[in-house]
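# Per-entry structural report
Chain by chain, the residues run as shown.
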Amino acid sequence: MLRKNRLFTPGPTPILPSAQTAMASFAMHHRTADFRALYARVLSDMKEFIGTKNDVLVLASSGTGVMEGCVSNLTSPGDKVLVLSAGKFGERWRDLAQAFGCVVEVVSAPYGETFSLDAIRGKLTADMRAIYMQATESSTGARHDVEAIARLVRKSGDDTLLVVDGITGLGTTRFDVDGWGIDVIIGGSQKALMIPPGLAYCAVSERAWKRMETAKSPRYYFDFRKERKAAAKGESAFTPATSLFAALAAALDFIRQMGNGDVAAGRVALIENAELAAEMTRAGAKALGLELFAPTCPAAALTAIQAPDGVDSSAMVKQFREVFGAVVANGQAEMKGKLFRIAHLGYYDYLDTIGILAALEHVMAGARRKVEYGAAVGAAQEVYAKTAMVARK
Ligand SMILES: *Cc1c(COP(=O)(O)O)cnc(C)c1O
């Protein structure tokens, strides 16, 4: 059969058609009144999307650039920091903090699991300058309890900043950024925002802005203070990724429509969409006798599924791509071959979710596993029907 190329990877994710057209025809210069108006509107909508009153910065960078900016803007060499690590992205925080000369303590959890709050409490001394964590660990499909961890951090005082990599968490997870006292939360354009890679963003608390005045790590492009000053005038410090801003404006309009005219309500609708797709996918995988990789704390951003015994997930990923045009993510690093990951963040609907599960049934049969066709699809349909019924009541 004909195959359409479809991304099911936790970044980049499928692109919103209206964002694609907005980009294609965009040719505005960035130092013009029209662009300044667009820039200011996007930043204001982004606050609604994140759910914060804090200032938001949007930079031309991949997500990791703003992660690095959080380390260089908020800490000095020799500062004690705590990294919560349960996967490849947690390890990235550790490596980044070490690269900038921080004294790094780590609370870790095995891949596929989340942290013990007691272990975090034990390490949270008053001299800890920052805590770095993920909201959802995209390498394992686990969700971490940001609310509970934020409560611990805020109890330990104002000298410890909480920095959350919400790159796959934003748009798939509920946060009360200001209420919980998250100092910086980071996102990326190629995830739930449904546009191509190239923009990273963050919301920054007053506590964090104050820290930047004394932090001594070198920084230039990612000097958040410079960017904040420019943003107040509707500009970026350097040339912005103008066409991606046009795409972002279109994506925020789409989210606003999802919320019947309200971006914050649209964010909730987008989160509910991911939650439902994730629940359908988990039910479908289990109906085929497959095990989830993070069964106790599954994220809505993506579902990581273990390859059956004796099957290499690399071969499954290859089948998905070659037979169905579906790009599913393999495990990263040590997890390669052991699991595959199906994303739900952003522009996914019922038919995408059902379609990938139907393909999974064929891929399982191709791996010579006994499959009752329709088992995964049917289980997902049951979840959908139950949710749709509740929604109608
Ligand atoms: C995608 C992702 C990143 C950032 O990756 P970039 O390739 O730098 O955009 C960071 N953390 C998580 C949890 C991610 O999913």
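Here the structure is a predicted model, which means the values were calculated and not measured.

Most of strand β3 (residues 80–85) is tucked away: five of the six residues are buried. Relative to strand β4 (residues 103–108), β3 runs parallel, the two sharing six bridges. In the strand pairing of β4, L84 is matched with V107. Each parallel crossover has a hand, and for β3 linked through helix α4 (residues 88–99) to β4 it is right-handed. Where β3 meets strand β5 (residues 130–134), three bridges bridge the pair, whose relative direction is parallel. Opposite V83, over in β5, you have Y132 as the bridge partner.

Here the focus is the nonpolar core. Counting 91 residues, the largest nonpolar core has M46 and F49 as its most contacted members. The two domains that each donate at least three residues to this core are domain 1 (6–12 + 262–392) and domain 2 (17–258). Setting aside chain neighbours within four positions, we find M46 in contact with V56, V58, L193, Y201, L248 and L252.

With that out of the way, let us pick up the site of the ligand. If you check the shell around the ligand, you find 13 residues, and the closest are S62, T64, S138, D165 and K191. Between the ligand and the protein, one listed contact pairs an oxygen atom with a side-chain N or O atom of S138 at 2.5 Å. Here an oxygen atom of the ligand sits 2.8 Å away from a polar atom, N or O, in the side chain of K191. Across the complex, the protein chains shield 88% of the 380 Å² of accessible surface that the ligand would expose by itself. Of all the secondary structure elements, the ones that give two or more residues to the shell around the ligand are α3 (63–74) and α4. Looking at which element gives the most residues to the shell around the ligand, the answer is α3, with three residues. Here the shell around the ligand is built from residues that sort into three nonpolar, seven polar and three charged.

Reading guide: rules and limits
Residues numbered from 1 in each chain as written. Predicted model: local features only at pLDDT ≥ 70, side-chain atom pairs only at ≥ 80, totals over all residues. Heavy atoms only, no water. Buried < 20%, exposed > 50% of the residue type's maximum accessible area, 1.4 Å probe, protein only. Helix = DSSP H or I, 4+ residues; strand = E, 2+ residues; numbered from the N terminus. Pairing = 2+ DSSP bridges. Right-handed = clockwise from strand over helix to strand, strands pointing away. Core = buried A, V, L, I, M, F, W, Y, C linked by side-chain atoms within 4.5 Å. Domains from an automatic or database assignment. Contact = heavy atoms within 4.5 Å. Near = heavy atom within 4 Å. Polar contact = N/O pair within 3.5 Å; in protein donor to acceptor, adjacent residues only side chain to side chain. Areas by Shrake-Rupley, 256 points an atom, 1.4 Å probe, with all protein chains shown as cover. Nonpolar A, V, L, I, M, F, W, Y, C, P; charged D, E, K, R; others polar.

Nothing here speaks to function; it is geometry throughout.
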